[in-house]
Amino acid sequence: MTADQSVTEPAAATGAATMLDVAIVGGGLAGSLAAAVLARAGHRVALIDKRAVYPDEFRVEKIGGHQLEMFRKLGFIGGLESVACPYDRVLNIREGKLVDVSVGQAYGLPYADLVAMARGQIPQPSSLIVDEVAAISCSDDVQQLELASGRRLKARLVVLATGMAGALGYKLGIKRRVLAAGHSVSFGFTIARRDGTPFDFNALTCYGERTADGVDYLSLFPVRAGMRANLFMFRDPADPVMRDLRRDTEATLLRLLPGLRPYLGDFHVTDRVRNWVMDLSVVEGHLQDGVVLIGDAFQTNCPAAGTGVARLLVDVERLCTEYAPRWLMTAGMSKENISEFYSDRDKVAADQQSLKMARFRQALTSRDDIGWDVRRRLHFLRRNFTHRVDQMRPGWLAQVRSALRA
């Protein structure tokens, strides 16, 4: 794990409350990116997190597609490229056969490095306060924060970027409504060939073969430590196969995805297998004076759908470049102002698309009725047909897509 060593805890505070424009609670990816965007625009910002260096957690590990455009728009693409491992070609297979090949720039990296990069973009290292928020008192003017250390802060706006940790929001009357408990299960680990030779692919995605297995797909992509594996499943988290994946990963993986064998050869797992159970949930009671929620603090995502980072980036971009700067130029911070962000067209669309894709991935993976069976077969047949035509007539697909966008 790497971290920007200039990001340190500020000097001890005096008894008087420090006045800020924005206090951001939670120093993961959402909070760190928001702090960097606002601080670079000249606002007085504090990023409050109990950890000076973010721990090596299993979260987001690859960035690509439209997400890269958002990183570029926010001014983080250079930082991302400096810490991540690039790749631009992904073999997509199912039942041991090639479906198609995805071409496009993408990056793999540990989540802790991604957070460290975002924190490293904050102009003033002292903007990071290593502490814990014990209480928040909100109003339509100035917000009061009490920290566990006894320090007090005042801010025009409080941004909650606390992920799924809901204790602080609960104190404010914000509650989380679960839409689907145990919606998906994700596994993360690193693999290598036993003889030390490299794999024959840059990156690979292997889709599940049987609906009963509940496997959506396995994504293999490079990180600096080796070949990273992310496995996404829709299956009961208490199923014995979850234990098998942790204890005997290699054999269980090939049992679930036998078509992988010729691509992986004799491989082994080189680090600890981690897993994550995700509930789909949204918050209620969040429209309040002086406080706004972003990222997973507002709505969780299905990791298999790949919409979490896109949603997070939309939240950061809309709040930190459009709404917060405008609110700070006017008196007051009422919930009427806050509601503008929650009803933003781009934000609403990203939130709705995230839930839609979560349900679609689950149905495409697990539904075994005839309608979804036909839809699943057509899905992969269409992709394979398009790939074959594009192989015979290179550039044809790009031309069609360009014409459809015109």
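See above for the structure.
Residues numbered from 1 in each chain as written. Predicted model: local features only at pLDDT ≥ 70, side-chain atom pairs only at ≥ 80, totals over all residues. Heavy atoms only, no water.

Peer 1: Give me the overall build of the protein: which residues, what numbers.
Peer 2: Of regular secondary structure, the protein possesses 13 helices and 16 strands. Over its C-alpha atoms the protein spans a radius of gyration of 22 Å, differing by no more than 12% from the 22 Å that the globule rule assigns to 406 residues. Taken over the C-alpha atoms alone, the protein extends approximately 65 × 45 × 40 Å along its principal axes. Taking all contacts inside the protein whose residues are at least 6 apart in sequence as the whole, residues at least 24 apart take part in 70%. When the accessible surface of the protein is split by element, carbon and sulfur atoms take 51% of a total near 18,500 Å². When the 52 basic and 46 acidic side-chain charges of the protein are each reduced to a single mean position, those positions are 3 Å apart. (Helix = DSSP H or I, 4+ residues; strand = E, 2+ residues; numbered from the N terminus. Rg over C-alpha atoms; globule rule 2.2 N^0.38 Å. Contact = heavy atoms within 4.5 Å. Areas by Shrake-Rupley, 256 points an atom, 1.4 Å probe, with all protein chains shown as cover. Lys, Arg positive; Asp, Glu negative; His and termini not counted. Charge placed at Lys NZ, Arg CZ, Asp CG, Glu CD.)

Peer 1: Help me get a handle on the pattern of salt bridges, residues and values and all.
Peer 2: Applying the stated criterion across every chain, the model contains 30 salt bridges. Here Asp213 and Arg210 are joined by a salt bridge, their closest N and O atoms 2.7 Å apart. Look at Asp213 and you get buried, because its relative accessible area is 12%. Residue classification places Arg210 among the partly exposed positions, given a relative accessible area of 37%. Put simply, Asp271 and Arg228 hold a salt bridge, and the shortest N to O gap is 3.1 Å. Placement of Asp271 in the loop between strand E14 (267-269) and strand E15 (274-284) and of Arg228 in strand E13 (residues 226-233) is noted, with a sequence separation of 43 residues between them. On the basis of relative accessible area, Arg228 is assigned to the buried category, the value being 8%. Taken together, the shared-partner salt bridges in this structure form one network comprising Asp49, Arg51, Glu57, Arg59 and Arg119. (Salt bridge = Lys/Arg side-chain N within 4 Å of Asp/Glu carboxyl O. Buried < 20%, exposed > 50% of the residue type's maximum accessible area, 1.4 Å probe, protein only.)

Peer 1: I'd love a proper account of helix H11 (residues 345-366), names of residues and values included.
Peer 2: One turn of an α-helix holds 3.6 residues; hence residues three or four places apart share an orientation. In this model, H11 (22 residues) spans 32 Å end to end at C-alpha, consistent with the 32 Å of a helix rising 1.5 Å per residue. With a side-chain oxygen lying 3.0 Å from the backbone nitrogen of Asp346, the N-terminal cap of H11 falls on Asp344. (Expected span 1.5 Å × (residues − 1). Polar contact = N/O pair within 3.5 Å; in protein donor to acceptor, adjacent residues only side chain to side chain.)

Peer 1: Tell me about the packing of helix H1 (residues 29-40) against helix H9 (residues 308-328), residues and numbers included.
Peer 2: Helix packing geometry: the angle between the two helix axes and the distance between the axes. Between H1 and H9, whose axes approach to 10 Å, the crossing angle comes to 30°. For the element pair H1 / H9, the angle class is roughly parallel. H1 and H9 meet at a crossing whose hand is right-handed. Of H9, the residues touching H1 (which contributes Leu29, Ala30, Leu33, Ala34, Val37 and Leu38) are Leu312, Leu313, Val316, Cys320, Thr321 and Ala324. A per-class count over the contact of H1 with H9 returns eleven nonpolar, one polar and no charged. (Axes fitted to C-alpha atoms, helices over the stretch in contact; angles between N-to-C directions. Parallel < 35°, antiparallel > 145°, perpendicular 65-115°, else oblique. Left-handed = near helix turned anticlockwise from the far one by under 90°. Nonpolar A, V, L, I, M, F, W, Y, C, P; charged D, E, K, R; others polar.)

Peer 1: An account of a nonpolar patch on the surface is needed here, citing residue identities and associated values.
Peer 2: A cluster of nonpolar side chains, Ile370, Val374, Leu378 and Leu381, forms an exposed patch at the surface whose accessible area comes to about 410 Å². With respect to the helices and strands, Leu378 occurs in helix H12 (residues 370-392). With a relative accessible area of 47%, Leu378 lands in the partly exposed category. (Patch = residues over 30% accessible without salt bridge, like charges linked within 9 Å, V, L, I, M, F, W, Y side chains within 5 Å.)

Peer 1: So what's going on with the nonpolar core? Which residues, and what values?
Peer 2: Considering soluble globular proteins, one finds that nonpolar side chains tend to be buried as a cluster. If you look at the biggest cluster of nonpolar residues, it comprises 77 residues, and the most contacted ones within it are Ile24, Phe71, Leu80 and Leu145. In terms of residue count, H9 provides more of this core than any other element does, eleven residues in total. Contacts of Phe71, omitting those with residues within four sequence positions, involve Ile63, Phe76, Ile77, Leu80, Leu114, Met117, Val309 and Leu313. Counting 28 residues, the second-largest nonpolar core is a separate cluster that includes Phe199, Met233, Met242 and Val269. (Core = buried A, V, L, I, M, F, W, Y, C linked by side-chain atoms within 4.5 Å.)

Peer 1: Tell me what's going on with the environment of Arg59, and back it up with residues and numbers.
Peer 2: Position of Arg59 relative to the elements: it lies in the loop between strand E2 (45-49) and strand E3 (62-64). The spatial distance from the C-alpha of Arg59 to the C-alpha of Pro110 is 8.0 Å, given a sequence separation of 51 residues. The contacts of Arg59, once residues within four sequence positions are left out, are Tyr111 and Trp276.

Peer 1: I'd like to hear about the environment of Val269, residue by residue, with values.
Peer 2: Within the secondary structure, Val269 is located in strand E14. Among the residues examined, Val269 registers a relative accessible area of 17% and is labelled buried. Along the backbone, Val269 and Phe189 are 80 residues apart, and their C-alpha atoms lie at a distance of 6.8 Å. Not counting residues up to four positions away in its chain, the partners in contact with Val269 are Phe189, Thr190, Ile191, Thr249 and Glu250.

Peer 1: Can you lay out the side chain of Gln67 for me, pointing to particular residues and giving the numbers?
Peer 2: Relative to the helices and strands, Gln67 resides in helix H2 (residues 66-74). For Gln67, a relative accessible area of 10% gives the class buried. A polar contact of 3.4 Å, which involves the side chain of Gln67, links it to the backbone oxygen of Gly306. Excluding anything up to four places from it in sequence, Gln67 contacts Lys62, Gly306, Val309, Ala310 and Leu313.

Peer 1: Which residues make up the pairing of strand E9 (residues 152-160), and what values do they have?
Peer 2: For E9, the buried fraction is high: seven of the nine residues fall into the buried class. Relative to E9, strand E1 (residues 18-25) runs parallel, the two sharing seven bridges. By the bridge assignment for E9, Val25 is matched with Leu160. Two strands pair when backbone bridges link them, and strand E8 (residues 143-147) and E9 are joined in this way by four bridges, in the antiparallel orientation. The partner of Gln143 across the bridge, within E9, is Ala155. Following E8, the chain reverses through four residues before pairing antiparallel with E9; Gly150 in that reversal takes a positive phi of roughly 100°. Here three bridges tie E9 to strand E16 (residues 291-293), and the two strands are oriented parallel to one another. Note on E16: the bridge partner recorded for Val158 is Val291. (Pairing = 2+ DSSP bridges.)

Shape descriptors only; they carry no functional weight alone.
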